Number of protein chains: 2
Amino acid sequence: MSADALSSVFRALADPTRRDMVAMLADGDATVTELARPHDLTVQAISKHLKVLEDAGVVSRSRDAQTRPAHLEAEVFDLLTVWLERHRQRLEERYRRLDEVLATLPEDPLPTETSPAAHHPDPDDGARP
Amino acid sequence: MSADALSSVFRALADPTRRDMVAMLADGDATVTELARPHDLTVQAISKHLKVLEDAGVVSRSRDAQTRPAHLEAEVFDLLTVWLERHRQRLEERYRRLDEVLATLPEDPLPTETSPAAHHPDPDDGARP
DNA sequence: GTCGTGTTCAACCATGTGGTTGACAACGTT
DNA sequence: AACGTTGTCAACCACATGGTTGAACACGAC
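Residues numbered from 1 in each chain as written. Chains lettered and ligands numbered in written order. Predicted model: local features only at pLDDT ≥ 70, side-chain atom pairs only at ≥ 80, totals over all residues. Heavy atoms only, no water.

A.B. asks: Just give me the short version of the protein's contact with DNA strand C, but keep the residues and values in it.
C.D. replies: Close to DNA strand C lie 20 residues, the nearest being Arg11, Thr42, Lys48 and His49 of chain A together with Ser47 of chain B. What you see for DNA strand C is that sugar and phosphate hold 64% of its atoms within 4 Å of the protein. Side-chain polar atom of Arg11 of chain A to a phosphate oxygen of DNA strand C: 2.9 Å apart, as the coordinates give it. Note that a phosphate oxygen of DNA strand C is positioned 2.9 Å from one of the side-chain N or O atoms of Arg61 of chain B. Looking at the surface near DNA strand C, the elements that each hand over two or more residues are helix 4 (43-55) of chain A together with helix 3 (32-36) and helix 4 (43-55) of chain B. (Near = heavy atom within 4 Å. Polar contact = N/O pair within 3.5 Å; in protein donor to acceptor, adjacent residues only side chain to side chain. Helix = DSSP H or I, 4+ residues; strand = E, 2+ residues; numbered from the N terminus.)

Here you go:
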């Protein structure tokens, strides 16, 4: 209950069994027993896994007689995509700046003002996948 | 070394401190002490977090005198994106099939192939490389 | 060499996680 | 009402995780 939404989602998806359940649910809603069938686990364990996914907002449950089908929520994919794209962009921006620095580097050793300069460019690698 | 790559990556990113470190590293390589500065944690704790990220392949380390700068590996973003997009597509495929079934379901024994009539709200944009 | 800085290793502790078994609630069927 | 199905709750256990402190290692500077 403590962690933020993103942490909950990442943690929920960090388990292979739960990712498997998500894969199943991507093909269609399923009940606990259906989700448990292909896995060599007790129904209680699957129920717990499902609760983790539910608490993280990855799935929602409905009520249908004695079964409670689980439904995959598509929003989480958007949440993760946003996070991913943001950092991907920061990475690209970083390389862009690095290229700029390298372009203006040849001369111009201008010490200039008393800049605090908490961050410094790292002249390490230059390779980029 | 137990879990598969995807599990390791998800687990590594499930911690807000580690995600914070990743955010920092997206702006530029950094040493352990630099990464530790903004967080109210001991350097050892940050070193452990960094090891988790390293074992998951999220970052790599280099050697520069007595420091060992951490470098964010961009490939992991691709790994996560692939997983995300695969399941997003399965979800879309599922809804497409559902619409097909609903289209052929009416009691008309004469299915005119017109009016696909999207029944489901479409989540967001489509494919993006 | 000695010193200081940066980093990691080792031991330890509290809490969380994933699994089990067993009991129980809710619901449809007979 | 009794029964079988479905799902959850509770207690328990082994182990992983995130944090600490303290010692040790690696390296440049003095």
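Anyway, onward from the coordinates.
A.B. asks: Describe the protein's contact with DNA strand D, and please don't skip the residues or the numbers.
C.D. replies: Neighbouring DNA strand D are 20 residues, the closest being Ser47 of chain A together with Arg11, Gln44, Lys48 and His49 of chain B. Counting only the atoms of DNA strand D within 4 Å of the protein, the fraction contributed by sugar and phosphate is 68%. Taken together, the elements giving at least two residues each to the surface near DNA strand D come down to helix 3 (32-36) and helix 4 of chain A together with helix 4 of chain B. For the surface near DNA strand D, the residue count by class is four nonpolar, 10 polar and six charged. (Nonpolar A, V, L, I, M, F, W, Y, C, P; charged D, E, K, R; others polar.)

A.B. asks: Could you give an account of the relation of the copies chain B and chain A, naming the residues involved and the relevant values?
C.D. replies: Mapping one chain copy onto the other needs a rotation about an axis and a shift along that axis. Expressed as a screw operation, the relation of chain B to chain A combines 0.0 Å of axial shift with a rotation of 180 degrees, fitting to an RMSD of 0.1 Å. Such a turn and shift between the copies fits a two-fold axis. Here 89% of the contact residues of chain B are again contact residues in chain A; the copies associate through an equivalent surface. (Least-squares fit on C-alpha atoms with pLDDT ≥ 70 in both. Contact = heavy atoms within 4.5 Å.)

A.B. asks: Please set out the interface of chain B and chain A residue by residue, giving values where relevant.
C.D. replies: Counting residues at the interface gives 37 residues for chain B, matched by 37 residues for chain A. Contact between chain B and chain A buries roughly 3,400 Å² in total, counting both sides, with carbon and sulfur atoms accounting for 56%. Joining chain B to chain A, the criterion identifies eight salt bridges. We note a salt bridge from Arg88 of chain B to Asp78 of chain A, for which the minimum N-O separation is 2.7 Å. Joining chain B to chain A, the criterion identifies 16 residue pairs in polar contact (both at pLDDT 80 or more). Those elements that place two or more of their residues in the side of chain B that touches chain A are helix 1 (5-13), helix 2 (16-27), strand 2 (70-72) and helix 5 (75-104) of chain B. By residue number, the principal contributor to the side of chain B that touches chain A is helix 5 of chain B, which donates 13 residues. Tallied by class, the residues present in the side of chain B that touches chain A amount to 18 nonpolar, six polar and 13 charged. (Buried area = accessible area lost by both parts, 1.4 Å probe. Salt bridge = Lys/Arg side-chain N within 4 Å of Asp/Glu carboxyl O.)

Without other data, these values stay purely geometric and don't point to any function.
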